[in-house]
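Results of the structural survey
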Amino acid sequence: GLNDDSVLNVTSWAIRFSGDTTVKNLRLNSTANHQFLLACGNTLVIDENVRVSGNEGVKNLLGIRGGGDANAINGGTNVIIKSGKWGAVHGGTRLEDVFGDTHITVYDTASISMARGGNDSPADDHHSVHGNTVMELVGSKCTVVNLVKSADVLGGTYLDLTDYKG
């Protein structure tokens, strides 16, 4: 964004990124429930001064997936969150496999309502993360309400609480 008044209204259910992306100095406004930013296997950095809001009646904060929706990810995912208040953050994808590691880093200047290192898949879905899941919570103010995985992780699951005083 160019200044503090920059707003991007999310009008579809998802915004897909086709390459490594950094978001900075921007307000992202959800116009409906269950909307996501999809990194599609690219590195997604939510840098400083990113705010998340919702229209009247929107109860779910904007979420993030390191993967996508119904597409396999050939390689790992990397989501770095330095600001904003977010809904569900998933390292993986939704209805397919991730053929690599998933990595989520959340800094003390951001908060998320739920984190899943693996996929965001229904219980009867059998897609997997074919690697490790790594979650780093850096700082003492980071709020993670629910740290779970929802798909088979064929590697290890790691949690790093650097400087966490909670």
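Quick look at the structure, then. (Residues numbered from 1 in each chain as written. Predicted model: local features only at pLDDT ≥ 70, side-chain atom pairs only at ≥ 80, totals over all residues. Heavy atoms only, no water.)

One finds Leu 37, Leu 44, Ile 46, Ile 64, Ile 81 and Trp 86 to be the most contacted residues of the largest nonpolar core, which totals 24 residues. Take this core: its biggest share by element is 3 residues, from strand β12 (residues 110-116). (Core = buried A, V, L, I, M, F, W, Y, C linked by side-chain atoms within 4.5 Å. Buried < 20%, exposed > 50% of the residue type's maximum accessible area, 1.4 Å probe, protein only. Helix = DSSP H or I, 4+ residues; strand = E, 2+ residues; numbered from the N terminus.)

Counting buried positions along strand β14 (residues 133-138) yields 5 of 6 residues, so the element is predominantly enclosed. In this sheet, β14 lies alongside strand β11 (residues 102-107) in parallel orientation, the contact comprising 6 bridges. Paired with Val 106 across the strands is Leu 137, a residue of β14. Sheet topology places β14 next to strand β17 (residues 157-160); 4 bridges connect them, and they run parallel. Among the inter-strand pairings, Val 134 is bridged to a residue of β17, identified as Tyr 158. (Pairing = 2+ DSSP bridges.)

Attention now goes to the environment of Asn 60. Tracing the sequence through the fold places Asn 60 in the loop between β7 (50-54) and β8 (63-65). Once you skip the residues sitting within four places of it in the chain, Asn 60 turns out to touch Asn 33 and His 34. (Contact = heavy atoms within 4.5 Å.)

Our focus in this paragraph is the sheet that holds strand β6 (residues 43-46). Strands sit in the order β3-β6-β9-β11-β14-β17 across an open sheet of 6 strands; the sheet is parallel. At either margin of the open sheet sits one strand with a lone partner, and together these are β3 (21-23) and β17. If you compare each strand with its neighbour and ignore which way they point, the axes differ by 5 degrees on average. (Axes fitted to C-alpha atoms, helices over the stretch in contact; angles between N-to-C directions.)

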